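Read off the chains here:
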Amino acid sequence: MSVMSPGNVVRFEFETAEPQATRDVSSRAVGRRFEGEGPYQSILTGGPHPADGLYDHSGREGGGRHDSEEGSR
């Protein structure tokens, strides 16, 4: 069993209004792979299971604002 050390990233999620550009940069820069259809895609970082995610906000009303930002307009 491995133990996580302080400073290790366990999980992350990209939220973007430009999903293709995000996938392109992430794939080229660090070799991430993406799978899935629709507004949420899994990100594979080398292990056998998805560890991360990409959420496409491009179709959202309001220019891709996250739900937690709705009240700040």
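Above this text is the structure in question.
Owing to the predicted nature of the structure, the values given are computational and were not obtained by experimental measurement. (Residues numbered from 1 in each chain as written. Predicted model: local features only at pLDDT ≥ 70, side-chain atom pairs only at ≥ 80, totals over all residues. Heavy atoms only, no water.)

Peer 1: I keep staring at the overall build of the chain and nothing clicks. Help me out?
Peer 2: Within the chain, the regular secondary structure consists of 1 helix and 4 strands. The N-to-C order of helical and strand elements in the chain reads β-α-β-β-β. Taken over 73 residues, the chain has a buried fraction of 19%. Contacts in the chain between residues far apart in sequence, at least 24 positions, make up 38% of those at least 6 positions apart. Carbon and sulfur atoms form 50% of the exposed surface of the chain, whose accessible area is close to 5,300 Å². (Helix = DSSP H or I, 4+ residues; strand = E, 2+ residues; numbered from the N terminus. Buried < 20%, exposed > 50% of the residue type's maximum accessible area, 1.4 Å probe, protein only. Contact = heavy atoms within 4.5 Å. Areas by Shrake-Rupley, 256 points an atom, 1.4 Å probe, with all protein chains shown as cover.)

Peer 1: Please explain the environment of Pro 50 as it appears in this structure.
Peer 2: Mapped onto the fold, Pro 50 is located in the loop between strand 3 (40-44) and strand 4 (52-56). Given the relative accessible area of 40%, Pro 50 is considered partly exposed. Between the alpha carbons of Pro 50 and Arg 33 there is a distance of 9.3 Å; along the sequence they are 17 residues apart. Leaving out residues up to four positions away in the same chain, Pro 50 has contacts with Glu 35, Ser 42, Ile 43 and Leu 44.

All we've got here are geometric facts, nothing functional implied.
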